[in-house]
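Structural features, examined
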Amino acid sequence: MSAPTAVGLRHELSFYTDAASLLAVAVPFVQEGLAAGEPVLVAAPAPRLALLRAALGPAADTVGWADMGEAGRNPGRIIPWVLQAFADRHPGRRVRVIGEPIWAGRSVEEYPACAQHEAAINGALADRAMTVLCPYDAGRLEPGVLAEARCTHPTLVERGGRRRVAGYAPAEVTARHNRPLPAPDGPVSVLRYTLDTLPEVRRFVAGHASAGGLDADRVADLQIAVTELATNSVAHAAGSGTLRVWLTDRHVVCEVHDDGRLSDPLAGRLAPGHDGIGGRGLVIVHALCDLVRVHTGVAGTTVRLHVRRGDTA
């Protein structure tokens, strides 16, 4: 895959090891954007937001801010609800974003979805007039994470300027993380559904989600998300599917499996068009859940949804 052209997306990578090395790249990046009249958004975990706000001084009031710990808790939300949404608020203008989707403290369950997100940006936003800079904490992240960052970003930004990254191969990262999902550790409840039994899906989810400590609003969110997937199974797969539900210390987990194969790696990662035709199901699922993992292959497609339990943030 070739690197994005200057007229469309510029997806850039920087490494930092402390506050000074982060600010040395991030502050000029923001200042250059403001000087060029570009709208600027900083989407990062809360500690980095505070650091950058202080460093920018009065200019911080002209920048948009988003806590990636919330807005990007589910990596599948970031493209449609953070990046696309910001660009759409400024039609006809080039926009500039600092986006830090991967940080020390992300769980092992979250990381594959994060890596696939970084790979997906390159195709999803290729034609957008955007510059997205992704800082990586080289002092705290695992070497494998840093190596994959080089595969998903065509350009590396350093104090001395910008250079192309050897080994840029986002499709390889997407494929590398499309692997069977790990088996649950504890007891699992199973429901096989068809068109005639779709109403039972909602009751099944509600019972287990309530028992897992979700409040009424989050139970409803999970019902909507699972029903979207189950309805898609009935309409586009073999007319049936299997729903499994279990609890972890942190999440209520629902997993839907059917015989269909998901051929589009960007499915669910782009906001649907304004024509209202299709494309909304997986976007809704990502919007409602705290983590979505997908595995697809010749044996079918498995979509695993995580919703946080109670006060286990």
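Below or above, wherever it landed, is the structure these notes cover. Keep in mind that what you see is a predicted model, and the values were worked out from it rather than measured.

Re the pattern of salt bridges
Applying the stated criterion across every chain, the model contains 16 salt bridges. For the salt bridge of E12 with R162, the shortest nitrogen-to-oxygen distance reads 2.8 Å. Taken together, the residues span a long stretch of sequence, with E12 in strand β1 (residues 10-16) and R162 in strand β7 (residues 161-164) at a distance of 150 residues. Classification of E12 as buried rests on a relative accessible area of 2%. For R162, a relative accessible area of 45% corresponds to the partly exposed category. The partner of E255 in a salt bridge is R244, and the shortest N-O contact between them spans 3.0 Å. Here the residue E255 occupies a position in strand β10 (residues 251-258), and R244 occupies one in strand β9 (residues 240-247), the gap between them amounting to eleven residues. In this structure R244 comes out as partly exposed when scored by relative accessible area, which is 25%. Where salt bridges share partners, they join E70, R73, R77, R218, D221 and D290 into one cluster.

Examining the pairing of strand β12 (residues 300-308)
Regular strands show a simple pattern: their side chains alternate between the two faces of the sheet. Here β12 lies mainly inside the structure; eight of its nine residues are buried. As judged from the eight bridges shared by β10 and β12, these two strands associate in the antiparallel manner. Within β12, the residue paired with H251 across the bridge is R308. Where strand β11 (residues 291-297) meets β12, seven bridges bridge the pair, whose relative direction is antiparallel. By the bridge assignment, V292 is partnered in β12 with L305. Counting the residues in the hairpin turn of β11 and β12 gives two residues.

Reading guide: rules and limits
Residues numbered from 1 in each chain as written. Predicted model: local features only at pLDDT ≥ 70, side-chain atom pairs only at ≥ 80, totals over all residues. Heavy atoms only, no water. Salt bridge = Lys/Arg side-chain N within 4 Å of Asp/Glu carboxyl O. Helix = DSSP H or I, 4+ residues; strand = E, 2+ residues; numbered from the N terminus. Buried < 20%, exposed > 50% of the residue type's maximum accessible area, 1.4 Å probe, protein only. Pairing = 2+ DSSP bridges.

Keep in mind these values describe shape, not function.
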